[in-house]
2 protein chains.
Amino acid sequence: MHNRHIKPIYNRSLLPPDQRDRLDVVLVSPRNPLNIGAVARGMANFGFVRLRVVAPFAEHWREARSAVGAPELLANAAECATLAEAVAACTLVVGTGTLTYRKAEQPVVPLPELAPLLAAEFARGGRVALVFGPEKHGLTRDDLSYCNVLVEIPTDVRQPSMNLGQAAAVCLYEVAVRSAQAEPAAQPASSTAPSGSLDRLAELIEQIMSAAEYSPASMQAANRHDLRLLLRRLHLDAHDTRRAMGFFRRVLRRLMRPRP
Amino acid sequence: MHNRHIKPIYNRSLLPPDQRDRLDVVLVSPRNPLNIGAVARGMANFGFVRLRVVAPFAEHWREARSAVGAPELLANAAECATLAEAVAACTLVVGTGTLTYRKAEQPVVPLPELAPLLAAEFARGGRVALVFGPEKHGLTRDDLSYCNVLVEIPTDVRQPSMNLGQAAAVCLYEVAVRSAQAEPAAQPASSTAPSGSLDRLAELIEQIMSAAEYSPASMQAANRHDLRLLLRRLHLDAHDTRRAMGFFRRVLRRLMRPRP
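These numbers were taken from a predicted model, which means no experiment stands behind them.

A. Quick peek at the overall build of chain A. In terms of regular secondary structure, chain A is built from 11 helices and seven strands. The globule rule puts the C-alpha radius of gyration for 260 residues at 18 Å, and the 20 Å found for chain A is close to it. Summarising its shape, the C-alpha atoms of chain A cover approximately 85 × 45 × 35 Å along the three principal directions. For chain A, the residues scored as buried account for 54% of the 260 residues in total. When contacts within chain A are restricted to residue pairs at least 6 apart in sequence, those whose partners lie at least 24 apart make up 87%. Here chain A has roughly 12,500 Å² of accessible surface; of this, 54% comes from carbon and sulfur atoms.

B. Spatial organisation of the packing of aromatic side chains. For the structure shown, the criterion picks out four aromatic pairs over all chains. Across the ring face of Phe 57 of chain A, the terminal group of Arg 31 of chain A is positioned such that the distance to the ring centre comes to 3.8 Å.

C. Layout of empty space enclosed by the protein. Residues and elements named next belong to chain A. Tallied over the full model, the rule gives one cavity of 30 Å³ or more. Here the largest cavity defines a volume of roughly 30 Å³. Every residue along the wall of the largest cavity is listed here: Cys 90, Thr 91, Val 93, Tyr 146, Asn 148, Ala 193, Ser 195, Leu 198 and Arg 232. Here the residues of the lining of the largest cavity are counted per class, giving five nonpolar, three polar and one charged.

D. Quick look at the sheet that holds strand E6 (residues 128–132) of chain A. All names here are of chain A. Taken together, seven strands build an open sheet; the order of strands is E3-E2-E1-E6-E4-E7-E5 and the sheet is parallel. Two strands in the sheet have a free side with no partner beyond their single neighbour: strand E3 (78–80) and strand E5 (108–110). With direction set aside, neighbouring strand axes in the sheet form an average angle of 30°. Relative to strand E2 (residues 50–54), strand E1 (residues 23–28) runs parallel, the two being bridged by five bridges. Note on E2: the bridge partner recorded for Asp 24 is Arg 50. Contacts between helix H8 (residues 164–178) and the sheet are confined to E1, strand E4 (92–96) and E6, with E6 contributing the most and set at about 155° to the helix.

What counts as what
Within each chain, residues carry numbers counting from 1 in the order of the written sequence. Chain letters and ligand numbers both follow the written order, the letters beginning at A and the numbers at 1. With the structure being a predicted model, the display of local features is reserved for residues of pLDDT at least 70 and the display and counting of side-chain atom pairs for 80 or more, all residues being used for whole-chain, interface and lining totals. Derived side-chain values reflect all non-hydrogen atoms in the structure, with water molecules and hydrogen atoms excluded from consideration. Comment: elements are numbered from the N terminus, with helices defined as DSSP H or I runs of at least four residues and strands as E runs of at least two. For this measure, only C-alpha atoms enter the radius of gyration; the expected value for a globule follows 2.2 Å times N^0.38, where N is the number of residues. The classification of residues rests on relative accessible area computed with a 1.4 Å probe and restricted to protein chains. Under 20% of the type maximum is buried, over 50% is exposed, and intermediate values are partly exposed. Only heavy atoms enter the contact rule, under which two residues are in contact if any of them lie within 4.5 Å. Here the Shrake-Rupley method, with its probe set to 1.4 Å, supplies the accessible areas, and only the displayed protein chains count as covering residues. Any two rings among Phe, Tyr and Trp, with Trp reduced to its six-membered ring, count as a pair given centres within 6.5 Å; such a pair is stacked if its planes are under 30 degrees apart, edge-to-face if over 60, and tilted if neither. Consider the ring centre and the ring normal. A charge sits over the ring if Lys NZ or Arg CZ is within 6 Å of that centre and within 35 degrees of that normal. Using a grid of 1 Å spacing that covers the protein atoms alone, one calls a set of points a cavity when a 1.4 Å probe fits there but cannot get out, and a pocket when the set is open and has protein on both sides within 12 Å along at least five of seven lines; lining residues are those with an atom within 4 Å of a point. Grid points are joined across faces, edges and corners, and a volume is the space filled by probe spheres set on the points. Basically, the charged four are Asp, Glu, Lys and Arg, the nonpolar ten are Ala, Val, Leu, Ile, Met, Phe, Trp, Tyr, Cys and Pro, and anything else, Gly included, counts as polar. Two strands qualify as a pair provided DSSP detects at least 2 bridges between them. Axis definition: a line fit to C-alpha positions, over the contact stretch in the case of helices; interaxial angles, taken between N-to-C directions, run 0 to 180 degrees.

As structure tokens, this is what we get:
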């Protein structure tokens, strides 16, 4: 039986498998085993399998993985010490959260507008991370400095904060259902440098700052944060990054050379 | 800071309050208090407040309502004995579920295509029910016979069945975010008869069947089921229903008149 009043605008296929496998779900220090299980189940519902967990609470993580009926992807989840490590291979890192309690330092994308961005990234052969913070306070300012964009789920101002399992389900639904159909956003065709190589570049620049006595030690943390944000804003591709590394390595060597 | 690459297609407003108040979330015999709480929280996140619960398990329902931090809408939720009663005032009853385990007897709408239908219904001044079945088996065939359409969340065939709280969050996100922007589906402009008046019409027709000895008693349940589906398929408006009632009342009176 079919409803003749409905014009089909959607063809029932989820994201193709080769694209789904290029999306990592990253949980930063999740606490409640039920929430971890719910995120994993939501991933399985929408066909995603790559889960990474950053610095989980050991006991809760063990409990979540050993729960009856836990999806297989939980057993295969990678455990990482830091967010930088978890997203090192990703070319687009998407943080999640609400703006109700913070001011964003990176571009904000409402969830209903995320699909064209992801479609462009997948078309370029990139790898995407979708990052969720701990239940209590969400992603910190430091976590977000590893993100290229902050995606916001539009919620009611009186109750903006979503449960972790439900937020993940809503984001994965949107990604699975809409990215396959979306017109890719107009963006540079070349592939962006992965997060890890930006980190290596940042480290090198920091060494130069230090060697050149660019700023007092008390400013180091703030400079590191700003540099991380800046490098992500520049949309450097792999080639840009390699050249910059060569240049800055040379500069550093010269700076370190013993004076005559 | 703004991402110049993103063309805004979405204006951040959720469904306007007068439309949100014309959507009832209906839970049929929910079991897990955590799931009930999660549905309520998801409703609050997307600005919905009207919750009805059909034949809940008394103890679990009490526990869910008295949970610490339970949203106010749980305290205000209406309790109904039957699904028919819960949706009596609604002009569009939307059942939820997966088709993996069943064959639908009513039109099936993938969730990403639901918005134009709801937009049309709201534009006509109608009232919508979004109905979720019990955790274990979902809505029964009998429950679904009260639904005008069955909405299906597109999920992976290997893990089609969603957690109740996550399914509700995904549906409410879609409704809250997309119905406000959707082009209303081309449908009759007149308002559909509410579910309760179709039930009264069906009851009258059943009395006639019985008075006319239309079929053996063993067929009554099947006839009742088919009649319920048929009346929902006809898109009768309030005027149609009143006329049909008048006609069938007359027929019944004649049938019941003692023979000379």
